[in-house]
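Summary of structural features
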Amino acid sequence: MNNLFEALRNPGSVAVVGASPDRRKIGNAVLENLVRYGYSGRIYPVNPSCNEIFGLRCFPSLDGIDQAVDVAVIALPAEKSVEVLDQCVRNSSKFVIMVAGGFSELGEEGRKLEAQVRARINGTGTRVIGPNTVGVLFPHSALNTALTPNDRIYYPGKGSVAFISQSGALGLLVMDSITEFGMGVSGFVNIGNRVDVTEVEVLSMFMHDPNTRSIVLYLESISDGAAFFSKAREASLTKPVVLLKTGRSEESSRAASFHTGAMATDDRVLDGVLRQAGVIRAYDEVELLDYGRALAYQPPPSGDRIAVITTAGGVGVVTTDLLTTSHDGIRLRMASFSSEEKDELKKYALPIASVNNPIDLTADGSSEAYAAILNVLVESDNVDGIIAYALPQTPKIGVDIVDPLKVASRKKTLVAGVIGNRLSKSLLVELEKAGIPAYPSIGRATNAMKALYCYGVYRRRLLDGN
Amino acid sequence: MEFIGGGFWMETDSNRQDMVMLVEHEAKEILHEEGIPVPCGMEISELPHEIRLRFPVALKVSDSRILHKSDVGGVRLNLGQKDLETEFQKMKEKFPGSSFLIEEMLPRGIEFIIGVVRDGTFGHVIMLGAGGIYTELYHDVAFRKIPISLADAGEMLEEIKSNRFCTGFRGMRINCAALKQMLVSVSNLVSKGKHGIETMDLNPVIVTSEDALVADAKMSVRAGKSGP
């Protein structure tokens with residue numbers, strides 16, 4: 001199965017059915033994204049009324065192409081897309097991305113069309129993504145079949161977070177958002193109405209993808225709870241999984257006369273089942289990618305004792321409050337340093353600085369002092385994880401702080417926090433380049449550390465064979 | 001509601017038609033078979049001459065039409081031998097045609113609820129929560145998909161506030177290992193599928209420093225697979 005999905009992740013050829021020179025057509029944007037994003041495999045525009053688009057020879061139908069394409073994008077209206085499926089099957093296309101909306105999301109007629117989709121591919125080697133999908137993005141193979149032109153949104157480059165989304169538009173917008181500080185993805189798949197390929201298979205694909213280190217999902221419903229549970233649990237052993245799940249599933253018939261039935265809301269059940277599967281839960285799109293990034297870039301801490309280093313007292317205080325109070329059931333501890341460690345730390349700080357946790361280097365804090373102090377923290381048996389702030393308000397902190405943070409993050413779980421805009425934005429970009437999970441707020445940095453911690457707890461349980 | 005024989009009543013109002021409610025005694029027999037501790041007891045329609053139970057005892061009406069026994073005055077607790085005779089006569093007048101359950105009283109302890117329900121997405125799930133009247137007051141509950149491991153049971157317990165009794169709270173300390181084992185046993189019982197169990201409430205489960213016992217049990221099973 002995973003060899004099959006290699007054809008989606010890294011296709012040798014892509015056809016765009018409905019490719020068009022008309023900028024108002026979706027087939028135009030899809031082809032343009034494919035070409036501009038740098039895809040180097042064979043591209044086959046398909047349109048019976050054109051000879052050439054973007055300098056590429058255009059084919060009247062898939063029947064005129066003398067190879068089986070790995071991916072065929074159908075950028076035609078719903079009913080026409082269904083008809084084209086027969087061509088795809090004759091061509092032995094491996095994956096068909098059905099862009100069109102107007103299927104089950106619109107009601108009974110659409111459901112009938114989806115039944116036709118299933119009937120046409122049933123028993124063939126052709127698999128369908130969608131319909132009602134904005135497409136897929138695989139930066140490592142420079143494949144972009146998205147339908148929004150890149151003068152409207154930026155597409156991320158290569159990264160290690162895989163993104164599976166049931167919503168197309170939200171998926172595209174989130175990808176645009178994460179480009180702000182240069183975050184990349186290992187892949188994006190908008191599963192749409194998932195008449196054929198579901199989130200479980202895509203999860204499995206990313207689980208086996210060497211470019212993927214964490215997997216994040218946005219789902220409005222789960223197609224097969226038991227299959228999702230076992231695949232997510234399997235994936236969580238090697239690659240952290242984060243889920244943002246919205247929407248209520250259909251009410252199961254719960255006996256009102258039972259207390260358990262009355263208590264079993266979808267949300268409570270989901271919460272428990274996700275913990276059991278080792279899946280981290282996110283509650284909005286920002287958390288989803290924040291946690292995905294932390295879990296892709298850093299291993300979980302070995303315990304709950306966190307050291308905080310800052311050059312602003314207030315930042316340290318807010319961090320302490322957020323880390324050690326629980327509003328979501330997760331509470332971490334501030335690490336306590338030994339007296340030897342404190343003596344060592346004092347060497348690199350002004351007498352007015354605090355070397356209790358949080359370590360506040362005050363306005364004198366420099367990249368050199370960070371390097372020395374981080375060195376003590378990574379060697380300390382009293383510290384499981386580090387939150388390090390890179391704050392540009394004082395003269396001795398600049399982008400050269402990224403290096404000591406990078407060195408420390410290779411030795412102990414580290415999350416960086418940055419506040420501000422003027423110089424902070426470039427700090428965030430540089431931290432991202434260095435592969436350090438960095439966040440533009442105290443709350444996001446501490447929550448990322450909590451997500452890392454949770455994954456560590458879940459993973460240890462899963463590894464114990466439970 | 002309709003009598004379908006074998007001591008089972010088909011619920012026709014709030015429950016699905018293909019589900020059968022077991023009476024407490026039947027539910028407890030299924031639990032006992034799985035090694036889940038329940039109090040010693042006997043189901044009767046007349047008071048026998050000799051009662052081989054340790055007094056004091058509890059007297060409960062046993063009738064699947066009655067879902068909330070205590071709400072209708074169908075439960076009498078802490079009865080000595082003499083009280084039992086008096087109370088039994090009163091109950092018989094109040095619930096003609098019903099059976100009754102006499103059980104040894106359980107020691108005082110901390111009350112929990114263990115429940116099972118079928119979730120629309122994930123199938124059978126198991127719940128642990130603060131029991132008795134507190135379940136629906138505090139919503140202090142944790143769910144897992146069946147089957148669960150002992151480690152899952154441990155995490156469920158950690159998620160609810162009553163876990164403080166495991167390490168001791170206000171002089172009360174409970175045997176949490178027994179409670180976790182009960183969760184795993186309930187999960188095993190359901191995943192075996194033998195009785196077609198659909199939903200259950202074990203509420204309260206009484207946990208003491210010694211052990212965990214099911215004081216009251218409600219269970220519904222799929223019609224056709226019913227019966228201990």
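Residues numbered from 1 in each chain as written. Chains lettered and ligands numbered in written order. Predicted model: local features only at pLDDT ≥ 70, side-chain atom pairs only at ≥ 80, totals over all residues. Heavy atoms only, no water.

Take the overall build of chain A next. Of regular secondary structure, chain A possesses 16 helices and 20 strands. Taken against the 2.2 N^0.38 rule, which gives 23 Å for 466 residues, the C-alpha radius of gyration of chain A at 25 Å falls within 12% of a compact globule. When its C-alpha atoms are laid out on the principal axes, chain A stretches across 80 × 65 × 35 Å. Pairs at least 24 apart in sequence give 74% of the contacts found in chain A among residues at least 6 apart. With an accessible surface of roughly 18300 Å², chain A has 49% of that area assigned to carbon and sulfur atoms. (Helix = DSSP H or I, 4+ residues; strand = E, 2+ residues; numbered from the N terminus. Rg over C-alpha atoms; globule rule 2.2 N^0.38 Å. Contact = heavy atoms within 4.5 Å. Areas by Shrake-Rupley, 256 points an atom, 1.4 Å probe, with all protein chains shown as cover.)

A few words now on empty space enclosed by the protein. All names here are of chain B. Within the structure shown, the criterion is met by one cavity of 30 Å³ or more. Reported here for the largest cavity is a volume of approximately 100 Å³. Forming the walls of the largest cavity are 13 residues, and the residues nearest its centre are Val 23, Glu 24, Asp 63, Ile 66 and Lys 69. Residue assignment for the lining of the largest cavity shows that the elements contributing at least two residues are strand E3 (19–22), strand E5 (57–62) and strand E13 (217–222). (1 Å grid on protein atoms, 1.4 Å probe; cavity = no way out; pocket = protein on both sides within 12 Å on 5 of 7 lines; lining within 4 Å. Points joined across faces, edges and corners; volume = space filled by probe spheres on them.)

Let's shift gears to the domain arrangement of chain B. Residue and element names in this part refer to chain B. Structurally, chain B comprises domain 1 (2–104) and domain 2 (110–222). Of note, the centres of domain 1 and domain 2, computed from C-alpha atoms alone, are 22 Å apart. At the boundary of domain 1 with domain 2, the tally comes to three salt bridges. Lys 69 is the salt-bridge partner of Asp 216, the closest N and O atoms lying 3.3 Å from each other. (Domains from an automatic or database assignment. Salt bridge = Lys/Arg side-chain N within 4 Å of Asp/Glu carboxyl O.)

All names here are of chain B. With 17 residues, helix H6 (residues 176–192) should cover 24 Å at 1.5 Å per step; its first-to-last C-alpha distance of 24 Å lies within 8% of that length. For H6, the set of buried residues is Cys 176, Leu 179, Met 182, Leu 183, Val 184, Ser 185, Val 186, Ser 187, Leu 189 and Val 190. Once H6 ends, the next one or two residues include Gly 193, with phi positive near 75 degrees. (Expected span 1.5 Å × (residues − 1). Buried < 20%, exposed > 50% of the residue type's maximum accessible area, 1.4 Å probe, protein only.)

Next up on the list: the packing of aromatic side chains. In total, this model carries six aromatic pairs over all chains according to the counting rule given. A centroid spacing of 5.6 Å and a plane angle of 85 degrees characterise the contact between Phe 165 of chain B and Phe 169 of chain B, whose relative ring orientation is edge-to-face. Accessibility expressed as a relative area gives 16% for Phe 165 of chain B, which makes it buried. If you follow Lys 145 of chain B out to its NZ or CZ, it ends over the ring of Phe 229 of chain A, 5.8 Å from the centre. (Phe/Tyr/Trp six-rings, centres within 6.5 Å; stacked < 30°, edge-to-face > 60°. Lys NZ or Arg CZ within 6 Å of the ring centre and 35° of its normal.)

This part is about the domain arrangement of chain A. Residues and elements named next belong to chain A. Taken as a whole, chain A is organised into domain 1 (2–294) and domain 2 (300–463). Residue-level contacts link 22 residues of domain 1 with 20 residues of domain 2. Taken together, both faces of the contact between domain 1 and domain 2 bury some 1800 Å²; the carbon and sulfur share is 62%. Taken together, the links from domain 1 to domain 2 amount to two salt bridges. Put simply, Arg 293 and Glu 432 hold a salt bridge, and the shortest N to O gap is 3.4 Å. Linking domain 1 to domain 2 there are nine residue pairs in polar contact (both at pLDDT 80 or more). If you list the elements that add at least two residues to the side of domain 1 that touches domain 2, you get helix H7 (225–238), helix H9 (266–277) and helix H10 (285–297). With five residues, the top contributor of residues to the side of domain 1 that touches domain 2 is H10. (Buried area = accessible area lost by both parts, 1.4 Å probe. Polar contact = N/O pair within 3.5 Å; in protein donor to acceptor, adjacent residues only side chain to side chain.)

Our focus in this paragraph is the state of the cysteines. Tallying each qualifying case throughout the model produces one disulfide over all chains. With its sulfur 1.8 Å from that of its partner, Cys 166 of chain B forms a disulfide with Cys 176 of chain B. The sign of the -85 degrees torsion about the S-S bond sets the Cys 166 of chain B-Cys 176 of chain B disulfide as left-handed. Here Cys 166 of chain B, found in helix H5 (residues 164–167), pairs with Cys 176 of chain B, found in helix H6; they are ten residues apart in sequence, far enough to count as distant. Residue classification places Cys 166 of chain B among the buried residues on the basis of a relative accessible area of 19%. The buried category is assigned to Cys 176 of chain B, whose relative accessible area is 9%. The closest cysteine sulfur to the non-disulfide-bonded Cys 50 of chain A is located on Cys 58 of chain A, 5.1 Å from its own sulfur. For Cys 58 of chain A, a relative accessible area of 7% translates into the label buried. (Disulfide = S-S within 2.5 Å.)

Time to look at the interface of chain A and chain B. Each side of the interface is counted separately: chain A has 29 residues, and chain B has 38 residues. Of the roughly 2900 Å² buried between chain A and chain B on both sides combined, carbon and sulfur atoms contribute 62%. When the buried area of chain A at its contact with chain B is split by residue, Phe 258, His 259 and Thr 260 of chain A rank highest and sum to 24% of it. The interface formed by chain A and chain B contains three salt bridges. Of the charged contacts in the structure, one is a salt bridge between Glu 155 of chain B and Arg 461 of chain A, with a shortest N-O distance of 2.6 Å. Scanning the region where chain A abuts chain B turns up nine residue pairs in polar contact (both at pLDDT 80 or more). Where the side of chain A that touches chain B is concerned, the elements lending two or more residues are H7, helix H8 (259–263), H9 and helix H16 (442–463) of chain A. Take the side of chain A that touches chain B: its biggest share by element is eight residues, from H9 of chain A. Among the residues making up the side of chain A that touches chain B, the classes are represented as 13 nonpolar, eleven polar and five charged. (Nonpolar A, V, L, I, M, F, W, Y, C, P; charged D, E, K, R; others polar.)

Let us look at the packing of helix H3 (residues 78–91) of chain A against helix H4 (residues 108–121) of chain A. All names here are of chain A. Packing of H3 against H4 leaves a shortest axis separation of 9 Å and a crossing angle of 5 degrees. The angle between the axes of H3 and H4 places the two elements in the roughly parallel class. Only Leu 113, Gln 116, Val 117, Arg 120 and Ile 121 of H4 make contact with H3, whose side of the interface consists of Ala 78, Glu 79, Val 82, Glu 83, Leu 85, Asp 86 and Val 89. In the contact of H3 with H4, the residues fall into seven nonpolar, one polar and four charged. (Axes fitted to C-alpha atoms, helices over the stretch in contact; angles between N-to-C directions. Parallel < 35°, antiparallel > 145°, perpendicular 65-115°, else oblique.)

All names here are of chain B. Of the pockets and cavities examined, the second largest pocket occupies roughly 850 Å³. As for the second largest pocket, its lining consists of 30 residues, and the residues nearest its centre are Glu 111, Asn 203, Pro 204, Ala 215 and Asp 216. The set of elements that each furnish at least two residues to the lining of the second largest pocket consists of E5, strand E6 (75–79), strand E7 (99–104), strand E11 (197–207) and E13. Among the elements that make up the lining of the second largest pocket, the one with the highest residue count is E11 (four residues). Residue classes in the lining of the second largest pocket are distributed as 13 nonpolar, six polar and eleven charged. Taken domain by domain, the makeup of the lining of the second largest pocket includes at least three residues from each of domain 1 (2–104) and domain 2 (110–222).

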